[in-house]
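# Coordinate analysis (summary)
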Amino acid sequence: MRKNIFETIFLTEILKGLSITLSHMFKKPVTYKYPYEATPIMDRFRGIQYIKTHEDGRTKCVGCYLCQKVCPSECIHIETDCGPNGERLIRKYELDLSRCIYCGYCEEVCPVDAIHMGWEWNTVDSNRDNYVINMKTLSQNYKDNLEGNWKNKHLKKKLVEGVKQ
Ligand code: SF4
Ligand code: SF4
């Protein structure tokens, strides 16, 4: 009882609470003012894919269909032709980002290290058709990775480092 009177008179519980608030006022915030402030991207973040190209601009993809087969969302569609030397030529490569669940299986299964998960995540668009990206866009994404030319400018350094791995 005496303790309760003491606590009431000196407002100890309130002072305890205030001291906790004050101690947090000088700590670095753990939240970000997105979209005004860039949020950190973890190394293993899986964003919009890119497909690597050779130095002469040819795609590294050999049209093996493995990514299409493994994709749980069935969002990859590939069509190929037979080249003059019996090689496969990519006639169509489409990836529907609106269906993609960013599981990364396509990257894991690729036998020639062609398709990769990038760090870009900004896919917002009012037109559903724009979510379907083709080989040209996927190759451009690779170029953007190399040049750090991204919508999310803060990714520049990380992406340049990442692609060189
Ligand atoms: S990340 Fe997963 S869902 Fe998306 S295209 Fe690759 S395999 Fe399909
Ligand atoms: S798994 Fe790789 S090489 Fe095979 S079709 Fe997909 S991106 Fe091309």
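No experiment lies behind these values; they were computed from the predicted model shown.

We now examine the UniProt feature "binding site: [4Fe-4S] cluster 2" (unreviewed entry) in the chain. When the UniProt feature table is mapped onto this chain numbering, "binding site: [4Fe-4S] cluster 2" (unreviewed entry) sits at Cys71, Cys100, Cys103 and Cys106. Across 36 residues of sequence, these annotated residues stay compact in space, with a maximum C-alpha separation of 10.5 Å. Those annotated residues lining the second largest cavity are, specifically, Cys71, Cys100, Cys103 and Cys106. Its place among the elements puts Cys71 in the loop between helix H3 (66-70) and strand E2 (76-82). Here Cys71 falls in the buried class, since its relative accessible area comes to 13%. Among the secondary structure elements, Cys100 is positioned in the loop between strand E3 (88-96) and helix H4 (105-109).

Another aspect to go through is the environment of Asn122. Note on placement: Asn122 falls in the loop between strand E4 (115-118) and strand E5 (132-134). Sequence separation between Asn122 and Gly47 is 75 residues, and the spatial gap between their C-alpha atoms is 8.7 Å.

Residues in close proximity to ligand 1 total 14 residues, the closest being Cys71, Cys100, Cys103, Gly104 and Cys106. One can see that ligand 1 is located within the second largest cavity. When the residues that make up the shell around ligand 1 are grouped by side-chain class, the tally is 11 nonpolar, 3 polar and no charged.

The rules behind each value
- Residues numbered from 1 in each chain as written.
- Chains lettered and ligands numbered in written order.
- Predicted model: local features only at pLDDT ≥ 70, side-chain atom pairs only at ≥ 80, totals over all residues.
- Heavy atoms only, no water.
- UniProt positions renumbered as here; feature names shortened; annotations may be inferred.
- 1 Å grid on protein atoms, 1.4 Å probe; cavity = no way out; pocket = protein on both sides within 12 Å on 5 of 7 lines; lining within 4 Å.
- Helix = DSSP H or I, 4+ residues; strand = E, 2+ residues; numbered from the N terminus.
- Buried < 20%, exposed > 50% of the residue type's maximum accessible area, 1.4 Å probe, protein only.
- Near = heavy atom within 4 Å.
- Sits in = over half its atoms within 2 Å of the grid points.
- Nonpolar A, V, L, I, M, F, W, Y, C, P; charged D, E, K, R; others polar.

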